[in-house]
Amino acid sequence: MVHMGVQTIVGTILFLSYCVTILGLVLVIMMENRNPLKTIPWVIVLLLLPGLGLLFYFLFGQDNRKQRIIPRRTYKRIMKRPHGISLRKDTHPVPDQYRPLAHLLGVSNEFSLLYGSEIAVYTNGNDKFNALLEAIEQATHHIHLEYYIFCNDEIGNRVKEALIRKAKKGVEVRVLYDDVGCWNVKKSFFREMKEAGIEVYPFLRVVLPVFSGKVNYRNHRKIVVIDGTVGFMGGMNIADRYCKGTSWGSWRDTHFRIRGKGVYGLQSAFLIDWYVITRRLLNGKVYYPKVPVLSNNLMQVITSGPVGQWRILLQATIKVIATAKKYIYIQTPYFLPTEGLNQALQTAALSGVDVRLMLPKRADARSVNMASHSFIDDMVKAGAKVYFYNPGFLHSKMVLSDDMLTCIGSANMDFRSFEHNFEVNAFVYDESFALQMKKIFFHDLHNCEKLVPARWLKRPLKQRLAESFMRLFSPLL
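So, how was this worked out
Residues numbered from 1 in each chain as written. Predicted model: local features only at pLDDT ≥ 70, side-chain atom pairs only at ≥ 80, totals over all residues. Heavy atoms only, no water. Helix = DSSP H or I, 4+ residues; strand = E, 2+ residues; numbered from the N terminus. Contact = heavy atoms within 4.5 Å. Pairing = 2+ DSSP bridges. Axes fitted to C-alpha atoms, helices over the stretch in contact; angles between N-to-C directions. Disulfide = S-S within 2.5 Å. Buried < 20%, exposed > 50% of the residue type's maximum accessible area, 1.4 Å probe, protein only. Expected span 1.5 Å × (residues − 1). pLDDT = per-residue confidence, 0-100. Salt bridge = Lys/Arg side-chain N within 4 Å of Asp/Glu carboxyl O. Core = buried A, V, L, I, M, F, W, Y, C linked by side-chain atoms within 4.5 Å. Polar contact = N/O pair within 3.5 Å; in protein donor to acceptor, adjacent residues only side chain to side chain. Parallel < 35°, antiparallel > 145°, perpendicular 65-115°, else oblique. Left-handed = near helix turned anticlockwise from the far one by under 90°. Nonpolar A, V, L, I, M, F, W, Y, C, P; charged D, E, K, R; others polar. Phe/Tyr/Trp six-rings, centres within 6.5 Å; stacked < 30°, edge-to-face > 60°.

## Some words on the side chain of Asp444
- Counting through the fold element by element, Asp444 comes out in helix α16 (residues 431-445).
- Here Asp444 is in contact with Arg252, Gln331, Met358 and Tyr389, once residues within four sequence places are set aside.

Encoded structure:
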């Protein structure tokens, strides 16, 4: 009897301690003054699933906005070289409509305006990887490569072998890959590169995922810089699916090769990440060589992440939408907008701006797809046009406005890209490039099914309930 009494007391103490812990976490979440749309789902998870909720919060819910993973002095040293080539406003002015946007990007994170870049567009994996491999073969001094996913498959091994060949010829080769994005890649794949003289590091390595909050903050960037003169960025990782598609359709994506001063922005992004992981600072002139003027465009390459006070990519996207006078065209594989972004798009549509949203008919994550659909109702009621891409998975990311501004890069239109991931996007102020991307957008429309509002709003109640339920967790997806 005494033994049972002790067990009861111990059990009660443990239960009360656990309850205090859960309630304490709820209080902490509330005191962080986050967006209520993010606070409420976490409170629900912690209260309804106390065991799993505690684990999920530890892994995915902690707020790192006030952390600095790189000293401010070092950040400025790395960014000093691009600032040296910033443009005079009176020589190459930003279009009047976008001066506030350029100022926002410049003030928030000191992103330079870069003039005269040439941008080549690749809308399929074969073209992108052929261009990438050709550029790697032409490297003479350094190759910097950073990807969320670097697969050990056919295309991954072609890239690996090309990097090894250049390293053996004395070219400096540095590789960053995301530790979580490459969880299913055997370590021997990267070890082979190391043994060939390539410097290879995982980004924010997660040794024990169950005990690490870093698992939620991933490097989603896709960056390649070769000799400081050629760069690649966009939506494609290194994997066969970008060339071969999936079992249920093709893979439609967009990637870009940049030549000229725009490469300086990509170089800075890579070198900052390199310092974060290796604590080695690279900032010599050889990494920012003199480059020719190849066009009349202006570009700002911006990085965003889960650290720091501001969500610059989200703020800039909302600013672009608010600035639009004629149209906003968006391609994104995932549409889980924040309340501010959602309101901005609806306000633009209600104001007579031509708002068009292109999404995949079928996504690679069913829960995300269901949550995305719940946001469409108010969009179409506001007058926005929605299109579903049919042939396969649409993974392209683009925001296009008024035949002048194009935003391209790695970020999706969702909470994860805006809040949790390390992303890199370029804002390009140029009519000719915008018209080129507009032509691609309209070409993709031929492969889309236009949503009919009257039919969409009458979809089965069971489907709408499931979508609304998943929407509750959209900040966590």
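Read on, since the account is not over.
## Considering the sheet that holds strand β17 (residues 405-409)
- An order of β1-β10-β19-β17-β16-β11-β13-β14-β20 is seen for the 9 strands of this open sheet, with the pairing classed as mixed. Where the open sheet ends on each side, the last strands, each with one partner, are β1 (114-115) and β20 (448-450).
- Two strands pair when backbone bridges link them, and strand β14 (residues 385-389) and β20 are joined in this way by 3 bridges, in the antiparallel orientation. Along β20, the bridge assignment pairs Tyr387 with Lys450.
- The sheet contacts of helix α11 (residues 312-323) involve β10 (298-304), β11 (327-331), β16 (398-401), β17 and β19 (423-429), and relative to β19 the element is tilted by about 30°.

## Overview of the state of the cysteines
- Overall, the coordinates contain 0 disulfides when judged by the stated rule.
- This cysteine, Cys182, is not joined by any disulfide, and Cys151 carries the nearest cysteine sulfur, 6.9 Å off.
- Under the relative-accessibility criterion, Cys182 is labelled buried at 0%.

## Focus: helix α10 (residues 262-278)
- Look at α10: 25 Å from first C-alpha to last across 17 residues, which is about the 24 Å you get at 1.5 Å a residue.
- Within α10, 16 of the 17 residues are buried, which leaves it mostly tucked inside the rest of the structure.
- The positive-phi residue at the C-terminal boundary of α10 is Arg279, with phi of around 60°.

## Overview of the pairing of strand β5 (residues 199-203)
- Inspection of the sheet shows strand β4 (residues 172-178) paired to β5 by 5 bridges, in the parallel sense. Bridge pairing in β5 links Arg174 to Glu199.

## Some thoughts on the confidence of the model for the chain
- For the chain, per-residue confidence averages 84 on the pLDDT scale, and residues scoring 70 or more make up 77% of the total.
- Confidence over residues 81-90 falls short of pLDDT 50; this stretch has 20 contacts with residues more than four positions distant or in other chains.

## A closer look at the pattern of salt bridges
- Within this structure, the stated rule accounts for 21 salt bridges.
- As a salt-bridge pair, Arg165 and Glu137 come within 2.6 Å of each other at their nearest N and O atoms. A residue pair is termed long-range when its members are at least 10 positions apart, and Arg165 in helix α7 (residues 154-168) and Glu137 in helix α6 (residues 125-137) qualify at 28 residues.
- Classification of Arg165 by relative accessible area gives partly exposed; the value is 42%.
- A single salt-bridge network, built from bridges that share partners, covers Glu172, Arg174, Glu199 and Arg280.

## Quick notes on the pairing of strand β6 (residues 223-226)
- Neither face of β6 is left uncovered, since the one carrying Ile223 and Val225 and the one carrying Val224 and Ile226 both have all their residues buried.
- Here strand β3 (residues 142-147) pairs with β6 via 4 bridges, running antiparallel. Considered in β6, the bridge of Leu145 is made with Val224.
- The sheet contact formed by β6 and strand β7 (residues 230-234) spans 4 bridges and is antiparallel. Opposite Val225, over in β7, you have Gly231 as the bridge partner.

## Observations regarding the nonpolar core
- The biggest cluster of nonpolar side chains holds 96 residues, and the ones touching the most others in it are Phe150, Leu163, Phe427 and Tyr429.
- Apart from residues no more than four positions distant in its own chain, Leu163 is found in contact with Ile136, Ile143, Leu145, Phe150, Val173, Val175, Met193 and Ile198.
- Counting residues in hydrophobic clusters, the runner-up holds 40 residues, among them Leu282, Met299, Ala434 and Phe441.

## Details of the environment of Ser417
- One can find Ser417 in helix α15 (residues 415-420).
- The class for Ser417 is buried, based on a relative accessible area of 1%.
- Here the side chain of Ser417 touches Asn412 through a polar contact of 2.9 Å, landing on its backbone nitrogen.

## Things to note about the packing of α7 against helix α8 (residues 187-195)
- One can describe the packing of α7 onto α8 by two numbers: an axis separation of 9 Å at closest approach and a directional angle of 20°. When the interaxial angle is binned, α7 and α8 end up roughly parallel. The handedness of the crossing between α7 and α8 comes out as right-handed. Touching Gly156, Asn157, Lys160, Glu161, Leu163 and Ile164 of α7 are Phe189, Glu192 and Met193, all from α8.
- Partitioning the contact of α7 with α8 into residue classes produces 4 nonpolar, 2 polar and 3 charged.

## Looking at the packing of aromatic side chains
- Tallied over the full model, the rule gives 20 aromatic pairs.
- Note on Phe270 and Trp274: the rings are 5.8 Å apart at their centroids and 20° apart in plane angle, and the pair reads as stacked. Taken together, the residues span about one helical turn, with Phe270 and Trp274 both in helix α10 at a distance of 4 residues. Neither Phe270 nor Trp274 differs from the other in exposure class; each is buried.
- Look at Tyr329 and Phe442: their rings are 5.6 Å apart centre to centre, the planes differ by 80°, and that puts the pair in the edge-to-face class. Of the two residues, Tyr329 is situated in strand β11 and Phe442 in helix α16; the sequence distance between them amounts to 113 residues.
- Classification of Phe442 by relative accessible area gives partly exposed; the value is 30%.
- Three or more aromatic residues joined by ring pairs form one cluster here, namely Tyr242, Trp248, Trp251, Tyr334 and Phe393.

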